[in-house]
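Chains, contacts and geometry: an overview
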Amino acid sequence: MLYDGQAKFHKSTTTTLKFVVSQANYTVDNLRNLSDSLSAAKRIDIAQSFLLPPNVQTQINEIQGKLNSSATDLAIKTTDNAAKIKKLLNRV
């Protein structure tokens, strides 16, 4: 009976882990897409005579850097933590 309970726990925890990882990956994708959109916004030339001011372009660059850094950090942490959790689950 205890073995059955362990199997259910393992399956439930593994399913939850897969969900959390998929949500983290979705967030990473959204952060990168937003960064790409900001990059495209910087290059917009309205009526071929108006570009974004340099200070706005600089702010966009800073935000892009933070978004990309956050996305990379989240992806790395998610991969590392998922591997650690899977290793622990496989021991149980």
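On to the overall build of the protein, then. Helix and strand content of the protein: two helices and zero strands. A globule of 92 residues ought to have a C-alpha radius of gyration of about 12 Å, yet the protein, at 21 Å, is considerably larger. Expressed along its principal axes, the backbone C-alpha trace of the protein runs to roughly 75 × 20 × 10 Å. The burial tally for the protein puts 15% of its 92 residues in the buried class. Look at the contacts in the protein between residues 6 or more apart in sequence, and 72% of them connect residues 24 or more apart. By element, 60% of the accessible surface of the protein is carried by carbon and sulfur atoms, the whole surface being about 7,100 Å². Within the protein, the 7 negative side-chain charges are centred at a point lying 11 Å from the centre of the 12 positive side-chain charges.

Now for helix α2 (residues 54-91). With 38 residues, α2 should reach 56 Å at 1.5 Å per residue; the first-to-last C-alpha distance of 56 Å fits that figure. Among the residues making up α2, those that are buried are I60, Q64, L67, A71, T78, A82 and L89.

Quick look at the pattern of salt bridges now. If charged atoms from side chains of opposite charge come close, those side chains can pair. Applying the stated rule across the entire model yields one salt bridge. One salt bridge connects K8 with D4, and the closest N-O pair in it is separated by 3.5 Å. Taken together, the residues K8 and D4, both in helix α1 (residues 2-42) and four residues apart, mark about one turn of the helix. A relative accessible area of 58% means that K8 is categorised as exposed.

Now for the side chain of K42. Position of K42 among the secondary structure elements: in helix α1. The side chain of K42 sits in the buried core without any salt bridge; D36 is the nearest counter-charge, 10 Å away. Of the polar contacts made by the side chain of K42, one reaches the side chain of N61; its length is 2.4 Å. Discounting residues that sit within four places of it in the chain, K42 has contacts with L52, Q57, I60, N61 and Q64.

This part is about the side chain of Q64. Along the chain, Q64 falls in helix α2. Non-local contacts of Q64, meaning those with residues more than four positions away in its chain, are made with S35, L38, S39 and K42.

Cut-offs applied
- Along each chain, numbering runs from 1 in the same order as the chain's sequence is written.
- Given that the model is predicted, a residue must reach a pLDDT of at least 70 before its local features are reported, and side-chain atom pairs must reach 80 or more before they are shown or counted; all residues, however, enter totals for whole chains, interfaces and linings.
- Hydrogens and waters are ignored; side-chain quantities use all the structure's heavy atoms.
- Per the convention used, a helix needs a DSSP run of H or I reaching at least four residues, while a strand needs a run of E reaching at least two, with both numbered from the N terminus.
- Throughout, the radius of gyration refers to the C-alpha atoms, and the reference size of a globule is 2.2 Å times the residue count to the power 0.38.
- Between buried and exposed lies partly exposed: a residue is buried under 20% and exposed over 50% of the maximum accessible area for its type, with that area taken using a 1.4 Å probe on protein chains only.
- Should any heavy atoms of two residues lie within 4.5 Å, those residues are considered in contact.
- Surface accessibility in these figures is a Shrake-Rupley result with a 1.4 Å probe; residues are shielded only by whichever protein chains are displayed.
- Charge counting follows a simple rule: Lys and Arg are positive, Asp and Glu are negative, and His as well as the terminal groups are ignored.
- Charge placement uses NZ in Lys and CZ in Arg. For Asp and Glu, CG and CD serve respectively.
- Multiplying 1.5 Å by the helix residue count minus one yields the expected span of that helix.
- Whenever Lys or Arg places a side-chain nitrogen within 4 Å of a carboxyl oxygen from Asp or Glu, that contact is recorded as a salt bridge.
- In the analysis that follows, any N or O atom pair within 3.5 Å is treated as a polar contact, provided that within protein one partner can donate a hydrogen and the other can accept it, and provided that, for residues neighboring in sequence, both atoms belong to side chains.

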